[in-house]
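# Architecture and fold: a report
One-letter residues, chain by chain:
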Amino acid sequence: MNIVILGPGAVGSLWALKLQQAGHQVALWARENAPTLSLQLAQGPLYSFANQSRLEIEQADLLLVTVKAWQVAEALAPLVDSLSSDTIIMLMHNGMGTAEQVAALLPDNPLVVATTTHGAYKPSRQQVLHTGLGTTQLGGVNALGKQCAFLADVFDHALPAAHWNEHIEHALWTKLAINCAINPLTAIHQCKNGQLADARFAPMLSEVSAELAAVMQREGIASDHAHLLRSVMQVVEATAENYSSMQQDIYYQRKSEIDFINGYLLRCAAKHHIETPHNQKLFEQIKQIEQSWTTS
Ligand code: KPL
């Protein structure tokens, strides 16, 4: 396939290398103004990729969007006129709420969303490390996207395991619940994920999960509080030594994904007239931290 990766951060670069090694024609669309960019996996060989090539965009069978949720609409806008309506758009990032934005920008394109638990880290502009084996779930958003189940084989061949999920919104909501609980708390307390196992965080983690379960049920996603809390605690344990992406964003004073994580939950809760004070509190605390950078 002709594949363009929009936003080759850690996860995007990992997929760029793995898809290229699996035999696909892969190009990048990064912010850097350079005709080519090189990437290497750990100490492996350096691979060169075309960058910011309009021709590659016009010929793309798949555009894999791996920028952060808040960057999706802005990053896609300049490419809209060059994209064919046959190009599959695949979104892969934390949080929810961007599929609606992309559907408005590109209403005729097949739209697919993906969620992955692979760990990736980019210690420099060229090098990417695969820090944790995971799984990737893909699923269609619109009618054309739902016909793209073959992509699971493409992704599974490049970096196993990948599965097609007919109910991808279930997987996205479960991931959202995990991110709503872990990300803001680790960012506010500037701690590793594993430290959330401390008893002082138990009431907050439980309340956040209960609010998520209530909103999910109204959104038609089968879920219960105990099951969600278990999923959160499993990730706390499995990623105990990691810093969450929001902890890192706040540490480096970068804009966080809060609007598409707890912020998305708050928008859904408001639609259903459900009170979600604990998610609201976490949302406001992160917003306050972000605002303190511009006012100080
Ligand atoms: O997705 C994550 C993130 O950091 O954004 C978790 C699952 C919390 C792992 O750190």
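Since the model is a prediction, treat every value here as computed from it, not as a measurement. (Residues numbered from 1 in each chain as written. Predicted model: local features only at pLDDT ≥ 70, side-chain atom pairs only at ≥ 80, totals over all residues. Heavy atoms only, no water.)

### Regarding the overall build of the protein chain
- On a plain count of helices and strands, the protein chain comes out with eleven helices and eleven strands.
- Computed over C-alpha atoms, the radius of gyration of the protein chain comes to 19 Å, within 12% of the 19 Å expected from 2.2 N^0.38 for 296 residues, which places it in the range of a compact globule.
- Along the three orthogonal principal directions, the C-alpha set of the protein chain runs to about 50 × 40 × 40 Å.
- Among the 296 residues that make up the protein chain, the fraction classed as buried is 51%.
- Summarising the internal contacts of the protein chain: among those between residues at least 6 apart in sequence, 65% fall at separations of at least 24.
- Element-wise, carbon and sulfur atoms account for 52% of the exposed surface of the protein chain, whose accessible area totals about 13500 Å².
- Each charge sign in the protein chain was given a centre, from 18 positive and 26 negative side chains, and these centres are 6 Å apart. (Helix = DSSP H or I, 4+ residues; strand = E, 2+ residues; numbered from the N terminus. Rg over C-alpha atoms; globule rule 2.2 N^0.38 Å. Buried < 20%, exposed > 50% of the residue type's maximum accessible area, 1.4 Å probe, protein only. Contact = heavy atoms within 4.5 Å. Areas by Shrake-Rupley, 256 points an atom, 1.4 Å probe, with all protein chains shown as cover. Lys, Arg positive; Asp, Glu negative; His and termini not counted. Charge placed at Lys NZ, Arg CZ, Asp CG, Glu CD.)

### A look at the packing of helix α6 (residues 168–189) against helix α11 (residues 277–295)
- Following both chains from N to C, one finds α6 and α11 inclined at 40°, their axes separated by 10 Å at the closest point. It follows from the interaxial angle that α6 and α11 lie oblique. The element α6 and its partner α11 pack so that their crossing is left-handed. Residues C180, P184, L185, A187 and I188 of α6 touch α11, and the partners they reach there are N279, L282, Q285, I286 and I289. (Axes fitted to C-alpha atoms, helices over the stretch in contact; angles between N-to-C directions. Parallel < 35°, antiparallel > 145°, perpendicular 65-115°, else oblique. Left-handed = near helix turned anticlockwise from the far one by under 90°.)

### Quick word on the sheet that holds strand β10 (residues 136–140)
- Read from one edge to the other, the open sheet built from seven strands follows the order β2-β1-β5-β6-β7-β10-β11, with strand pairing classed as mixed. Unpaired on one side and paired on the other, β2 (25–29) and β11 (162–164) mark the two borders of the sheet. Strand-to-strand, the axes of this sheet are offset by a mean angle of 20°, without reference to chain direction.
- Against the sheet, helix α4 (residues 98–105) touches β6 (88–92) and β7 (111–116), its axis set at about 160° to β6. (Pairing = 2+ DSSP bridges.)

### A word on the nonpolar core
- Counting 62 residues, the largest nonpolar core has L63, I89, L91, W173 and L212 as the members making the most contacts within it.
- Among residues more than four places away in sequence, those in contact with W173 are M96, L212, V215, M216, E219, I221, Y264, L265 and C268. (Core = buried A, V, L, I, M, F, W, Y, C linked by side-chain atoms within 4.5 Å.)

### A closer look at the layout of surface pockets
- As a volume, the second largest pocket reaches approximately 300 Å³.
- Surrounding the second largest pocket, 18 residues form its lining, M96, A99, V113, V141 and L172 being those nearest its centre.
- Broken down by secondary-structure element, the contributors of at least two residues to the lining of the second largest pocket are β6, α4, β7 and α6.
- For the lining of the second largest pocket, a count of residues per class yields ten nonpolar, five polar and three charged.
- Mapped onto the domain boundaries, the lining of the second largest pocket takes at least three residues apiece from domain 1 (2–165) and domain 2 (169–292). (1 Å grid on protein atoms, 1.4 Å probe; cavity = no way out; pocket = protein on both sides within 12 Å on 5 of 7 lines; lining within 4 Å. Points joined across faces, edges and corners; volume = space filled by probe spheres on them. Nonpolar A, V, L, I, M, F, W, Y, C, P; charged D, E, K, R; others polar. Domains from an automatic or database assignment.)

### So, the sheet that holds strand β4 (residues 47–50)
- The sheet built from four strands is open, its strands ordered β4-β3-β9-β8 with mixed pairing. Either end of the sheet is taken by a strand with one partner, and the two such strands are β4 and β8 (119–121). In this sheet, adjacent strand axes meet at a mean angle of 35° when their direction is disregarded.
- Relative to strand β9 (residues 127–132), strand β3 (residues 36–41) is paired through two bridges, and the arrangement is parallel. Bridging from a neighbouring strand, Q40 pairs with Q127 of β9.

### Some points on the UniProt feature "domain: Ketopantoate reductase C-terminal" (unreviewed entry) in the protein chain
- In the numbering used here, UniProt assigns the "domain: Ketopantoate reductase C-terminal" (unreviewed entry) feature to residues 168–290.
- The distance separating the terminal C-alpha atoms of residues 168–290 is 31 Å; by composition the span is 68% helix and 0% strand. (UniProt positions renumbered as here; feature names shortened; annotations may be inferred.)

### Let's talk about the domain arrangement of the protein chain
- Domain parsing of the protein chain yields domain 1 (2–165) and domain 2 (169–292).
- Counting residues at the interface gives 15 residues for domain 1 and 16 residues for domain 2.
- Carbon and sulfur atoms make up 62% of the surface buried where domain 1 meets domain 2, a total of about 1400 Å² over both sides.
- Three residues stand out in domain 1 for area buried against domain 2, namely W70, N94 and M96, and they jointly supply 51% of the buried area on that side.
- Joining domain 1 to domain 2, the criterion identifies one salt bridge.
- In this structure, K68 and D249 form a salt bridge, with 3.1 Å as the shortest nitrogen-oxygen distance. (Buried area = accessible area lost by both parts, 1.4 Å probe. Salt bridge = Lys/Arg side-chain N within 4 Å of Asp/Glu carboxyl O.)

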